[in-house]
Structure formats: C-alpha cells, structure tokens
Amino acid sequence: MAPGRRQYSFSHRIRSTLNSLFHPLLSALYSLPVMNVAFLGLGAIGWPMARRVAEAKFPLAVWNRTSSRAREFAEATRARHAASPADAARDADVVITCLPNSPEVMSLLDGDDGLLATMRKGATLVDCTSGEPATSRRIAERLGDHGVDFIDAPVSGGVSGAEKGALTVMVGGDRAVLDRVRPVLESFGQKIVHCGKVGAGDALKAVNNALLAVHVWSTAEGLALLVKEGVAPATALDVINASSGRSNASMNLFPERVLTRAFPRTFRLALLDKDVGIAAAVASADAVPAPLLQLTAALWKLAHNSLGEAADHVETVKIIEQWAGVEIA
Ligand code: NDP
C-alpha cells in the first residue's frame, strides 16, 4: 500500500471512530446541527450502508419496498421503521436512496406517500443509486422547485466495502451541498470525490462499471482459450497478475469466485447489465463513437436474459465456459 493511502485510511478510521463516538455529544456541546437521516432501499448494498449510518449515531428512519426487511433492520439497529417514503422523510435533513436505477427513485417522489409530500425546504436528497445522468438531472429540477437539494452519489467498493465503511462515493451536484452532507457520507465512504455537476457521479459510475464488465468478459475469454491450450487457469492468473493484462477481475474476482466455483451473490448481473447499458446510452447521446462499449452492452444484455434476475455478475463467466466447452477451474 502506498504511504499516502495508508495515512489516508488511518486518518479516515480515526475520524469515523471519533464521529461515531462523539458526534451526538459534540453536536449538543457546540450546537452543531444533528442531521436526521432517512435511508430508502435496504438491498444488498443499501443494508450495510444504512447500518454504517446507524452505527455513526445519526438519528435514522428506514423504508424499504418490502417492509419486512425494514422492520428487521429497525429491530437490529433501533432505527425508526417508516411506513412510506413520506413518513421516512418527514423529519429528515438528509434522505438517502439506494435503488436499482433512477426511474425507481423518480417513482418515489409523488403522491401522498411520496418524498415531496414531506421533504423540507433545505433538506437534501442524496441518491446513492447507480443511475442515469439525464434522469438525475430531471429529479434535481423537480426537487429544486420545492427548495430541496439533490446530489447523485453512486458508490463503488461492493458489499464488503460498505460493511467496512470503505466505499468510494462519486458525487455530482453543488459542492456546498456535498460539504453539508459529507459527515453522513463519511459513515460509509472512505473516498468521497466531487466529480462535477448533477449526473457526473452517475456518468463516472457507469463508465467504471462498463470497464468492470469488459474485464470480466475478456478475462473469461482469455482463460477459456488458455485452458484449451493446456495452461492451468491458476498459472495463467499468476502470470497475468504479474504482467500488464491484470485487472480487479484477474486479481480478485477470478481467483476468489471462479477458480473456487464459489460464485457468491453480492452484485446482481441485472444491475451490471443496467450500468453498461447506461454507459452505452450516454455515449450514443453524446455522439461519442464507442463500439466496444456498445458490444459489451449487447453481450451483458444477452447474459442477463440467459441467467436471470438473481444471478451474480461473475456468473456470466459460465456463459463463456459453455460456449467454449471448458471450465475455468
Ligand atoms: P438489490 O437488488 O439488492 O436491492 C434493490 C433495492 O431496491 C431493494 O431494497 C428493493 O426493495 C428496492 N427496490 C427495487 N425496485 C424498487 C421500486 N420500484 N421501488 C422501491 N424500491 C425498489 O440492489 P443493490 O443493493 O445491490 O444495489 C442498489 C444500487 O447500488 C444499484 O443501483 C446498484 O447498481 C448499486 N451498487 C450495488 C453494489 C453491490 O455490490 N451490490 C455495488 C455498487 C453499487 P425490495 O427489498 O422490496 O426488493
């Protein structure tokens, strides 16, 4: 680990420990505003992120479409179990959403149960969904009409990163709004980066995940042909990981999930398909020629259709194995 990074992690750990121990006390002593938080969407990554917010001692209300999951979370953490998005947001300074995509976030805004029914002027919606830049801009506009701020703040680092409070958060929107809500983001984020205007976080996240998709697919193709050439996958990865073809896929995903045949379900293939689709659509909208991105989007759509909603993204490797008639093990 580089010295700078070690220093950063260390100071982050101290800061986040102090924050969780003393945040309520310091807030009382110095009249710092205690931020009430609402968290909507307790899925695979939303749950550990919300847990970090609860552990940092922010007063927390949670809502989930399947309410048994929110009830279970509330019982485990003493968060308030809200009956609807409007109920969750009623006292909130910061509302965090973590849903599959931006249209689902948009669908929570309206009606008696919707966020706009109760979100206060000056409150902020922090959307941690890996979403669509254009839809985020529309959401920001709608909220702006009600005096509510918006930032898109998708995350990377996976479920294990969320559990450790070590996510990277990529933020689009007003820097001053980010600074206001930063203490909340620090409960689950280790590296919090302002990327540009609203939608910039979404765009960067989509490109990052498109690169992940390229790496998983191309590493599987390469290893399948090497198996046919009689090279053991472990030997191949050993060499690739000491050479210029390495990636997170070759260094972590393949050794831990493919060679072991463990294929744990932590990040759904359906969601990665969605992310690559967003990157490809943004490239088209911006008139950026991106043949590799467009092909990658088509391949992951095919994998999604073939393996279904519950499959993990790394299980896509099974399709390449099937086509090649080999197992990468
Ligand atoms: P999951 O599929 O595990 O959970 C999705 C969540 O959204 C659930 O709480 C689900 O509720 C809720 N939901 C789905 N549809 C709707 C809807 N129409 N209205 C209201 N709520 C809805 O997803 P993840 O937690 O894995 O991912 C959430 C976001 O984070 C996605 O954008 C994903 O791309 C991103 N992400 C995920 C990572 C991971 O490792 N898992 C890593 C980085 C980013 P219910 O319980 O009722 O189904």
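Preceding this section is the structure that the text describes.
Let me begin by describing the structure that accompanies this report. Note that the structure is a prediction, hence the values are computed from the model and not measured. (Residues numbered from 1 in each chain as written. Predicted model: local features only at pLDDT ≥ 70, side-chain atom pairs only at ≥ 80, totals over all residues. Heavy atoms only, no water.)

## Remarks on the overall build of the chain
Each helix and strand in the chain was counted, giving 14 helices and 9 strands. Across the 329 residues that make up the chain, the buried fraction comes to 49%. Look at the contacts in the chain between residues 6 or more apart in sequence, and 67% of them connect residues 24 or more apart. Of the accessible surface of the chain, which amounts to about 15,400 Å², a share of 56% is contributed by carbon and sulfur atoms. (Helix = DSSP H or I, 4+ residues; strand = E, 2+ residues; numbered from the N terminus. Buried < 20%, exposed > 50% of the residue type's maximum accessible area, 1.4 Å probe, protein only. Contact = heavy atoms within 4.5 Å. Areas by Shrake-Rupley, 256 points an atom, 1.4 Å probe, with all protein chains shown as cover.)

## Comments concerning the site of the ligand
The ligand sits among 25 residues. The nearest are Ala44, Asn64, Arg65, Thr66 and Lys274. Here an oxygen atom of the ligand and a backbone polar atom of Pro100 are 2.9 Å apart. Protein coverage of the free-state accessible area of the ligand, which is 900 Å², stands at 86%. Put simply, the parts of the chain that give the shell around the ligand at least two residues each are α7 (158-164) and α12 (269-285). Of the residues in the shell around the ligand, the class split is 11 nonpolar, 9 polar and 5 charged. (Near = heavy atom within 4 Å. Polar contact = N/O pair within 3.5 Å; in protein donor to acceptor, adjacent residues only side chain to side chain. Nonpolar A, V, L, I, M, F, W, Y, C, P; charged D, E, K, R; others polar.)

## Concerning the environment of Ser84
One can find Ser84 in the loop between β3 (80-81) and α4 (85-89). Ser84 sits in the buried class, given a relative accessible area of 9%.

## Quick look at unusual backbone geometry
In terms of backbone geometry, most residues other than glycine have negative phi values and most peptide bonds are trans. Unlike most non-glycine residues, Arg78 shows phi in positive territory, near 70 degrees. Residue placement: Arg78 occurs in the loop between α3 (67-77) and β3. Arg78 sits in the exposed class, given a relative accessible area of 80%. Look at Ala287: it is not a glycine, yet its phi comes out positive at around 55 degrees. Looking at the secondary structure, you find Ala287 in the loop between α12 and α13 (291-307). Look at Ala287 and you get exposed, because its relative accessible area is 64%.

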